Amino acid sequence: MLLGVCLRYGSNFQEAEDFLQEGFVKIYEDLYQYRPTGALGAWMRKVMVNVCLMHLKKQKQFFSTIEMDYITENHEAHDDSFESYRAEALIQMIQKLPEGYRAVFNLYVIDGYTHKEIAGILNISDVTSRPQFSRAKKMLRNMLENKLVNRDL
Amino acid sequence: MKENDNLEQFFQKSLEDFSAEPSNDMWARIEPIIPPKPPIFGTWLGTAKWFVGLFIVGSLSFGIYQFLESQKEIKMLSGIIEKQQETIEDLSARINDERTNEVVLNSTNLEKNESNNPSLNNESALTNSLESETNYSSNNNLKAQSNRNQTTDNQFLTNNSTYSNQYLTEKEISKENELDQSETVINSNSASSNSNAPIIQKEQLVQHTSLFQLNTRSIPLFENQSTSNPREVKVKKTLNPFPRFSFEGKGGVFAHNLGKIIYSDSSKSANPFSSWQAGLLINFELNTRWQVQTGFLFKNFKTTNTQIRYNTFPILTQYRFGFKNFILHAKSGIILNTLIDAKSGTERVVISNLQSNFIDFMGGLGMDFRINPSTKLSIEPWVSYSLNQVANGKKAFQFGVNLGAKYSIQ
């Protein structure tokens, strides 16, 4: 489960394992801070997300604006057909996103944070978080469509 | 409210419980870098928190014990004081009774003297006798003797009555009954009532007045003597209030640089004096000058987007100096800060780089205004600087003003 979290935030398997390694050490060090009021798994997952985000923040181009010329605005995806895709393939797609988009998408869709919270966590404004999220979705939609057309999954 | 479209739901369902197997050598890579086992209380900050907690609980228990003990002592001392007051009142009443008896006795004796020796009614005879050097000197001697014998009121009364038997006329006796009033009134009354008497008689009457006045003042003299009783001095020493505890409710506003060190964007830095703190402090007053202060303060650091909330536990020493009702104080010490949470609006957020615990070094100068012996109001500007890193490897600086009200257990 924890490696799955790291895979979503990392850009490849090697980077995800580096996150996991550091995350385990962090969990071991901070274990005394855990209060049994919540699930241990959820707490470990939160620590792991924080470790991943801390790594991503260190990278300079974290939230740089990326030209999205190749994304078409009026794209209609056939969501029903997406169910056949395997999770690994979806992870690979997320990993292809720019780091900032990837973080916003993961935090909002998978980890359930709001845009306000994301703005607080990533030290960005609401105005930055929302368009990054919609651009991430467009990129993923485009990738899913290309995969579907090429039927390589 | 979140509105997920199909794409979001698809990703959410597919990846929510996604798990993958790490490499076989993953654990072998983690094992060497795991730090040694943390101490039983966690980090040194965690340990410090335990000690601060124990100190606060200990201080409170000791304070309550001291308070209860002082209440017992106050009850006991009140009993002693009441008994002494009763004794003083009894003695005063007895002296008044004796004085009244003496005056009655004087008037009776004078009546007898008048009947036995008519020459005493003759004003000229009295004048002659008062004019004589011998009598005047005996008068002075008598006065001196009275002064020497102040410590024994009964002796004085005896001397005075002897004197009265020899020299007082009826007019003078009637005048003496009014001598409990002020000296001015007495002198003027004496002069007016003896307007027909020779001048030398008036002077003599003044002498009588001063002597009798001394007599009437015997009660205050006695009271003064009783307050200097060694027994009462001992009681005063017992009432020394130090060491003692006092409690202080405190709150105020402050400015800080937490926003600046968390956020690189300058537009998110803290607004001056928009942050606030409030709490309760316990002072252990060692003497009139020195005291140790601890307790709890809730701190709310406000930045443009977020509110960061900390529990803080100060341990401070304070030195006081000043005047009757205005007392200046200087204080310094450390403040342990432990993070509660951070909020953006009403939603909780996680600020990943922010330290959960940090310690400040704090200094302040302030002034207390005494309302009554137990209660004071205070105003206190202060500054603090963190001893360890708070966010992004940087330290926090704060300054502000506190207002408080202090209650001392007497």
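Parameters at a glance
Counting starts from 1 at the beginning of each chain's written sequence and moves along it residue by residue. Think of it this way: whatever chain is written first is A, whatever ligand is written first is 1, and the rest follow in order. For a predicted model such as this one, the threshold for reporting local features is a pLDDT of at least 70, and the threshold for listing and counting side-chain atom pairs is 80 or more; totals across whole chains, interfaces and linings nevertheless cover every residue. Helix and strand definitions follow DSSP, with helices as H or I runs of at least four residues and strands as E runs of at least two, each counted in order from the N terminus. With C-beta atoms placed from the backbone, a residue is labelled by how many other C-beta atoms lie within 10 Å of its own: buried for 20 or more, exposed for 12 or fewer, partly exposed between the two. C-beta atoms are first placed from the backbone for all residues, and any pair lying within 7 Å is then listed as a contact. Residue-level confidence of the predictor is summarised by pLDDT, bounded by 0 at the bottom and 100 at the top. Put simply, Ala, Val, Leu, Ile, Met, Phe, Trp, Tyr, Cys and Pro go in the nonpolar bin, Asp, Glu, Lys and Arg in the charged bin, and everything else, Gly too, in the polar bin. Expected helix span is given by 1.5 Å per residue-to-residue step, counting one fewer step than there are residues. Two strands form a pair only when DSSP identifies at least two bridges running between them. Lines fitted to the C-alpha atoms define the axes, with helices restricted to the stretch that makes contact. Angles between their N-to-C directions range from 0 to 180 degrees. We call two directions roughly parallel when the angle between them is under 35 degrees, roughly antiparallel when it is over 145, roughly perpendicular when it lies between 65 and 115, and oblique otherwise. In this scheme, a crossing is called left-handed if the near helix is turned counterclockwise away from the far one by less than a right angle; it is called right-handed if the turn is clockwise.

A. The arrangement of the overall build of chain A in detail. The helix and strand inventory of chain A stands at 7 helices and 0 strands. Going from the N terminus to the C terminus, chain A shows its helices and strands as α-α-α-α-α-α-α. Counting all 153 residues of chain A, 40% fall into the buried class. Within chain A, residue pairs in contact and separated by at least 24 positions form 65% of the contacts whose partners lie at least 6 positions apart.

B. Quick peek at the overall build of chain B. Regarding its fold elements, chain B presents 12 helices and 9 strands. Taking all 410 residues of chain B together, 20% fall into the buried category. In chain B, once contacts between residues fewer than 6 apart in sequence are set aside, the share between residues at least 24 apart is 60%.

C. Inspection of the confidence of the model for chain A at higher detail. Residue and element names in this part refer to chain A. When pLDDT is averaged along chain A, the result is 75; 76% of the residues meet or exceed 70. Here helix H3 (residues 40–58) stands out as the least confident element of chain A, with mean pLDDT 82; helix H5 (residues 99–110) is the most confident, with 87. Note on residues 64–84: pLDDT under 50 across the span, and 19 contacts to partners over four residues away in sequence or across chains.

D. Main features of the interface of chain A and chain B. At the interface, 35 residues of chain A touch 35 residues of chain B. If you list the elements that add at least two residues to the side of chain A that touches chain B, you get helix H1 (2–9), helix H2 (13–30), H3, helix H4 (87–96), H5, helix H6 (115–122) and helix H7 (126–150) of chain A. With 7 residues, the top contributor of residues to the side of chain A that touches chain B is H2(A). Residue composition of the side of chain A that touches chain B, grouped by class: 20 nonpolar, 6 polar and 9 charged.

E. Local environment of the environment of Gly63(B). Residues and elements named next belong to chain B. Turning to its location among the elements, Gly63 is positioned in helix H3 (residues 44–116). Judged by local crowding, Gly63 falls into the partly exposed class, with 18 C-beta atoms found within 10 Å. Apart from the residues within four sequence positions on either side, Gly63 is in contact with Phe245 and Ile282.

F. Local environment of H3(A). Residue and element names in this part refer to chain A. When the terminal C-alpha atoms of H3 are compared, their 28 Å separation across 19 residues agrees well with the 27 Å that a helix rising 1.5 Å per residue should span. Residues of H3 that are buried include every one of Met44, Val47, Met48, Val49, Val51, Cys52, Leu53 and Leu56, and no others. Residues of H3 that are buried make contact with H1, H2, H5 and H6.

G. Quick look at the pairing of strand S1 (residues 244–256) of chain B. Residue and element names in this part refer to chain B. Looking at chain direction, S1 and strand S2 (residues 275–285) are connected through 11 bridges and run antiparallel. Its bridge partner being in S2, Ser246 is matched across the sheet by Asn283. Pairing of S1 with strand S9 (residues 397–408) involves 11 bridges; the strand directions are antiparallel. Bridging across to S9, Ala255 finds its partner in Phe399.

H. Expanded view of the packing of H1(A) against H2(A). Residues and elements named next belong to chain A. Taken N-terminus to C-terminus, the directions of H1 and H2 make an angle of 130°; their axes are 8 Å apart at the nearest point. In this view, H1 runs oblique relative to H2, as classed from their interaxial angle. Relative to H2, H1 is oriented so that their crossing is right-handed. Contacts between H1 and H2 involve Leu2, Leu3, Cys6, Leu7 and Tyr9 from the first element and Phe13, Ala16, Phe19, Leu20 and Gly23 from the second. Its residues assigned to classes, the contact of H1 with H2 comprises 9 nonpolar, 1 polar and no charged.

I. View of the environment of Gln92(A). Here Gln92(A) shows up in helix H4. Expressed as a C-alpha distance, the spacing of Gln92(A) and Gly10(A), which sit 82 residues apart in the sequence, is 10.0 Å.

J. Quick look at the confidence of the model for chain B. All names here are of chain B. Mean pLDDT over chain B works out to 72, with 62% of the residues at or above the 70 mark. Mean pLDDT across the secondary structure elements of chain B bottoms out at helix H8 (residues 183–193), with 42, and peaks at strand S8 (residues 375–386), with 93. Note on residues 179–228: pLDDT under 50 across the span, and 60 contacts to partners over four residues away in sequence or across chains. Low pLDDT, under 50, characterises residues 230–237; the predicted model gives this stretch 3 contacts beyond four residues in sequence or across chains. At the level of chain-chain contacts, confidence expressed as ipTM amounts to 0.75, with global pTM at 0.38.

K. Spatial organisation of the pairing of S8(B). Residues and elements named next belong to chain B. Two strands pair when backbone bridges link them, and strand S7 (residues 357–372) and S8 are joined in this way by 10 bridges, in the antiparallel orientation. Across the sheet, the residue bridging to Phe369 is Leu377, located in S8. Hairpin connection of S7 to S8: 2 residues between the antiparallel strands. Pairing analysis gives 11 bridges linking S8 to S9, with the strands arranged antiparallel. Bridge pairing links Val383 to Phe399 in S9.

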